[in-house]
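The chain contents come next:
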Amino acid sequence: MSGPQTPARKHTALPKARILIEALPWLTRHQGKTVVVKFGGNAMIDEDLKAAFAQDVVFLHHAGLKPVVVHGGGPQISAQLDKQGLVSEFKAGLRVTTPEAMDVVRMVLAGQVQRELVGLLNQHGPLAVGLTGEDAHTITATKHLPLIDGVPVDIGRVGEVTRIDTGAVKALLEDGRIPVISSIARAEDDGHVYNVNADTAAAALAAALGAETLMVLTDVEGLYEDWPHSDEVISRLTATQLEKLLPDLSSGMVPKMEGCLFAVRNGVNTARVIDGRVPHSILLEIFTDEGIGTMVVPDDRSVTEGK
Ligand SMILES: Nc1ncnc2c1ncn2[C@@H]1O[C@H](COP(=O)(O)OP(=O)(O)O)[C@@H](O)[C@H]1O
Ligand SMILES: CC(=O)N[C@@H](CCC(=O)OP(=O)(O)O)C(=O)O
């Protein structure tokens, strides 16, 4: 006669229980908190990663957090412009956006990328609702004239965020939904529609929503100390430390780190840049002891304080 089966079954399940219980302090800490997750176009290339991203966001929702997704789509916009015979040019890390290019930006972000993310999230239930910054005046912008060598340069329909109206996003959160926001803004003054860098839009939304965390997923491990010469990731830095590094940063990292700085200077507790190429990087970052990537904290947070 064989012995009782139950203890053996319990035993095999034990590691799973340990994993779940490791998440308990983080579940408690983040309960009811808003987390703005920026999903970048470069981290969005792989189908499995996109599906894992959707699972993570839905997990956050069911774990009692309030995720808000802001998405980019730079590579997807460039591919469509190319198909239409239009050139992609970047100045100061931002796309030079002619009126024709703006039509493409809007079509790709709101009509393709956002629809795809909403579809992936909604495979798990009626959760995600897509909107652009134009909807309900969520993002208002004015024409941005970046300084290049100290001179303001006209790069077309690129917007600088002047105002965020959180009404629609908060209403969706209160209704138990996951807002998915494309980084397009209505104009403050001239009736146009503006192309806003998605990192900048995510940071502005995180600050306006009083989010606990801004999490920026990208295609590198985090902020490299001496990029491109070394792959040493800076794991944690204060707002002032980041401010000192900003002039040395290049390309896509500039709006990301400027966004992180803006967020932690405007009430967000932590801003993180994490590797979107790692499956389930959001869960690893939020629910485990071993946070990955780069975390920016306000100056008044001690260096040893936990995540
Ligand atoms: N100090 C740095 N650390 C890490 N990446 C950097 C740094 N400086 C520049 N980069 C570049 O920034 C890129 C990320 O920005 P971007 O391409 O705009 O990504 P996303 O599409 O996710 O917004 C990296 O792939 C890397 O080439
Ligand atoms: C003004 C500006 O540059 N806007 C970006 C908006 C999309 C974006 O930011 O996408 P990623 O997050 O994938 O880079 C663009 O046109 O590419």
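Refer to the preceding data block for the structure.
Residues numbered from 1 in each chain as written. Chains lettered and ligands numbered in written order. Predicted model: local features only at pLDDT ≥ 70, side-chain atom pairs only at ≥ 80, totals over all residues. Heavy atoms only, no water.

Peer 1: Run through a negative patch on the surface, naming residues and quoting values.
Peer 2: On the surface, a cluster of negative charge is contributed by E221, E225, D226, D231 and E232. Structurally, the position occupied by E225 is in the loop between β13 (213–218) and β14 (236–238). (Patch = residues over 30% accessible without salt bridge, like charges linked within 9 Å, V, L, I, M, F, W, Y side chains within 5 Å. Areas by Shrake-Rupley, 256 points an atom, 1.4 Å probe, with all protein chains shown as cover. Salt bridge = Lys/Arg side-chain N within 4 Å of Asp/Glu carboxyl O. Lys, Arg positive; Asp, Glu negative; His and termini not counted. Charge placed at Lys NZ, Arg CZ, Asp CG, Glu CD. Helix = DSSP H or I, 4+ residues; strand = E, 2+ residues; numbered from the N terminus.)

Peer 1: Any details on the site of ligand 2? Residues and values, ideally.
Peer 2: In the region of ligand 2, 15 residues are neighbours, and K38, G41, R95, N195 and A198 sit closest. In this structure, an oxygen atom belonging to ligand 2 sits 2.9 Å away from a side-chain N or O atom of N195. For ligand 2, whose free accessible area comes to 430 Å², the fraction covered by protein is 91%. Elements with a minimum of two residues in the shell around ligand 2: α4 (74–83) and β4 (94–95). The dominant element in the shell around ligand 2, judged by the number of residues it contributes, is α4, at three residues. Class assignment of the residues belonging to the shell around ligand 2 gives a composition of six nonpolar, seven polar and two charged. (Near = heavy atom within 4 Å. Polar contact = N/O pair within 3.5 Å; in protein donor to acceptor, adjacent residues only side chain to side chain. Nonpolar A, V, L, I, M, F, W, Y, C, P; charged D, E, K, R; others polar.)

Peer 1: A description of the sheet that holds strand β5 (residues 128–132) should follow, citing residues and the corresponding values.
Peer 2: A sheet is described by the order of its strands in space; here eight strands give the open sequence β5-β10-β2-β1-β13-β15-β16-β14, paired in mixed fashion. The open sheet is flanked by β5 and β14, the only strands paired with a single partner. Pairwise comparison of adjacent strand axes, ignoring direction, gives a mean angle of 20° for this sheet. Alignment of β13 against strand β15 (residues 270–275), held across six bridges, turns out to be parallel. Across the sheet, the residue bridging to T218 is D275, located in β15. Those strands touched by helix α3 (residues 47–62) are β1 (34–39), β2 (66–71), β10 (178–182) and β13, and its axis lies near 150° from that of β2. In the packing of helix α7 (residues 198–209) onto the sheet, the strands contacted are β1, β2, β10 and β13, and the crossing angle to β1 comes to about 175°. (Pairing = 2+ DSSP bridges. Axes fitted to C-alpha atoms, helices over the stretch in contact; angles between N-to-C directions. Contact = heavy atoms within 4.5 Å.)

Peer 1: With reference to specific residues and values, describe the packing of α7 against helix α9 (residues 253–265).
Peer 2: Closest axis-to-axis distance for the α7/α9 pair is 8 Å, and the angle between their directions is 10°. Judged by the angle between their axes, α7 and α9 are roughly parallel. Contacts between α7 and α9 involve D199, T200, A203, A204 and A207 from the former and P255, K256, G259 and F262 from the latter. A class-by-class count of the residues in the contact of α7 with α9 yields five nonpolar, two polar and two charged. (Parallel < 35°, antiparallel > 145°, perpendicular 65-115°, else oblique.)

Peer 1: Which residues make up the environment of F59, and what values do they have?
Peer 2: Relative to the assigned elements, F59 resides in helix α3. Of the residues examined, F59 reaches a relative accessible area of 41% and is grouped as partly exposed. A sequence separation of 224 residues divides F59 from L283, and the C-alpha atoms of the two residues are 8.2 Å apart. In contact with F59, not counting residues within four places along its chain, are L283 and F287. (Buried < 20%, exposed > 50% of the residue type's maximum accessible area, 1.4 Å probe, protein only.)

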